[in-house]
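Each chain is listed here by its residues.
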Amino acid sequence: MTKKYNIAVVGATGVVGNNMISILAQRQFPVGNIYPLASERSAGTEVEFNGTALTVGNVDDFDFSKADLAFFSAGNPVSEKYAPIAAAAGCIVIDNSSHFRYEDDIPLVVPEVNPQALDTLPKRLIIANPNCSTIQMLVALKPIYDTAGIARIDVATYQAVSGGGKQGIDELYNQSSAIIDGQKITSSEVFPKPIAFDVVPQVDVFLDNDYTKEEMKLVWETKKIFADESICVNPTAVRVPVSNCHSEAIHIDMKQHMLASDVKGLLAATTGITVIDSPKDQAYSSVSA
């Protein structure tokens, strides 16, 4: 008999939390009980799991000993406060915020890249999930890194407004509608500049080195996940006016020479990667492809 797991999802009413619940159903994860949780403000609303409406509970009142796993996607302050409470109750936490990512005793895991980081369960029972841009980059680079080594990565990300949550998506739609109606947009709440019909070369705050925090996440997380402090990463992060789907342009310097055809073959043979590459047929990846 397949073991079933009781699952708590913290941030269940947000875009990411809601998608987590959908994916658990989509992948037929062996769920026993599922507990959607949110702040007091959102408690009492409903979310759907496998065609069943579930009432969202208040995270303040939840007994985490009832859950085997807890997925957190409600931002750094919530993770900082409640993830240790959940772990202390014996619940394994998988945290989607950046709060724990750079702590030495917290594994930062991409299953396709460094599953060995979970060979032993962390003492604190907290597992950090990397930044979305780091995940997609390293999944693509892992087979190349293992085969030829990588000395340097130059990456430009083109990040959708969904990175700003539902508020970010709403802001894009509202600003776009206003501009189409002939209004001039001069301010923005979610993003540092108006995003409709424009691109913004700032994702998160600028740091003292003039890179943004989003850009530096690509540096810090790549080194930790690959366990390679020597690898150089030069990132540029740009917000683009699409609702969903981040994209990246990545150029690498390999330690050993490989032909482009061999790299394509290597990627095509890797589970989880689809190679779409026929420019003469206009066959390339796109949001609608």
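See above for the structure.
This structure is a prediction, so every number in the text was calculated from the model and none was measured.

**Q** I tried to follow the overall build of the protein chain on my own but got confused; where do I start?
**A** Helix and strand counts for the protein chain stand at six helices and 13 strands. Computed over C-alpha atoms, the radius of gyration of the protein chain comes to 20 Å, within 12% of the 19 Å expected from 2.2 N^0.38 for 289 residues, which places it in the range of a compact globule. Taken along its principal axes, the extent of the C-alpha atoms in the protein chain is 55 × 55 × 45 Å. Taking all contacts inside the protein chain whose residues are at least 6 apart in sequence as the whole, residues at least 24 apart take part in 62%. Charged side chains in the protein chain number 22 positive and 34 negative. The centres of these two groups are separated by 2 Å.

**Q** Could you clarify how one ought to interpret the sheet that holds strand β7 (residues 92-95) in this entry?
**A** By way of backbone hydrogen bonds, the strands of a sheet pair with one another, either parallel or antiparallel. If you trace the six strands from one edge of the open sheet to the other, you get β5-β2-β1-β6-β7-β8, paired in parallel fashion. Taken across any chain shown, the strands that pair with only one partner, and hence form the sheet edges, are β5 (57-58) and β8 (126-128). Pairing analysis gives four bridges linking strand β6 (residues 69-72) to β7, with the strands arranged parallel. Its bridge partner being in β7, L69 is matched across the sheet by I92. The strands that helix α1 (residues 15-26) touches are β1 (5-10), β2 (31-38) and β6; relative to β1, the one it contacts most, it runs at about 160°.

**Q** Looking at this structure, how should I read the sheet that holds strand β10 (residues 232-239)?
**A** Spatial strand order, β10-β9-β11: three strands in an open sheet with mixed pairing. Of all strands in the sheet, those with a lone pairing partner are β10 and β11 (247-254), marking the two edges. Within the sheet, the average angular offset between the axes of one strand and its neighbour, ignoring direction, is 5°. Taken together, the eight bridges between strand β9 (residues 150-159) and β11 define a ladder with antiparallel strand orientation. Among the inter-strand pairings, I153 is bridged to a residue of β11, identified as I252. This element, helix α3 (residues 132-148), spans β9 and β11 of the sheet and lies at about 25° to β11.

**Q** Is there a simple way to explain unusual backbone geometry in this structure?
**A** Residues other than glycine predominantly adopt negative phi, and peptide bonds predominantly adopt the trans conformation. A positive phi angle, near 55°, is found at Q28, a position not held by glycine. Among the secondary structure elements, Q28 is positioned in the loop between α1 and β2. Although it is not a glycine, D210 sits at a positive phi angle of roughly 75°. In this fold, D210 is placed in the loop between α4 (165-180) and α5 (213-226).

What counts and what doesn't
- Residues numbered from 1 in each chain as written.
- Predicted model: local features only at pLDDT ≥ 70, side-chain atom pairs only at ≥ 80, totals over all residues.
- Heavy atoms only, no water.
- Helix = DSSP H or I, 4+ residues; strand = E, 2+ residues; numbered from the N terminus.
- Rg over C-alpha atoms; globule rule 2.2 N^0.38 Å.
- Contact = heavy atoms within 4.5 Å.
- Lys, Arg positive; Asp, Glu negative; His and termini not counted.
- Charge placed at Lys NZ, Arg CZ, Asp CG, Glu CD.
- Pairing = 2+ DSSP bridges.
- Axes fitted to C-alpha atoms, helices over the stretch in contact; angles between N-to-C directions.

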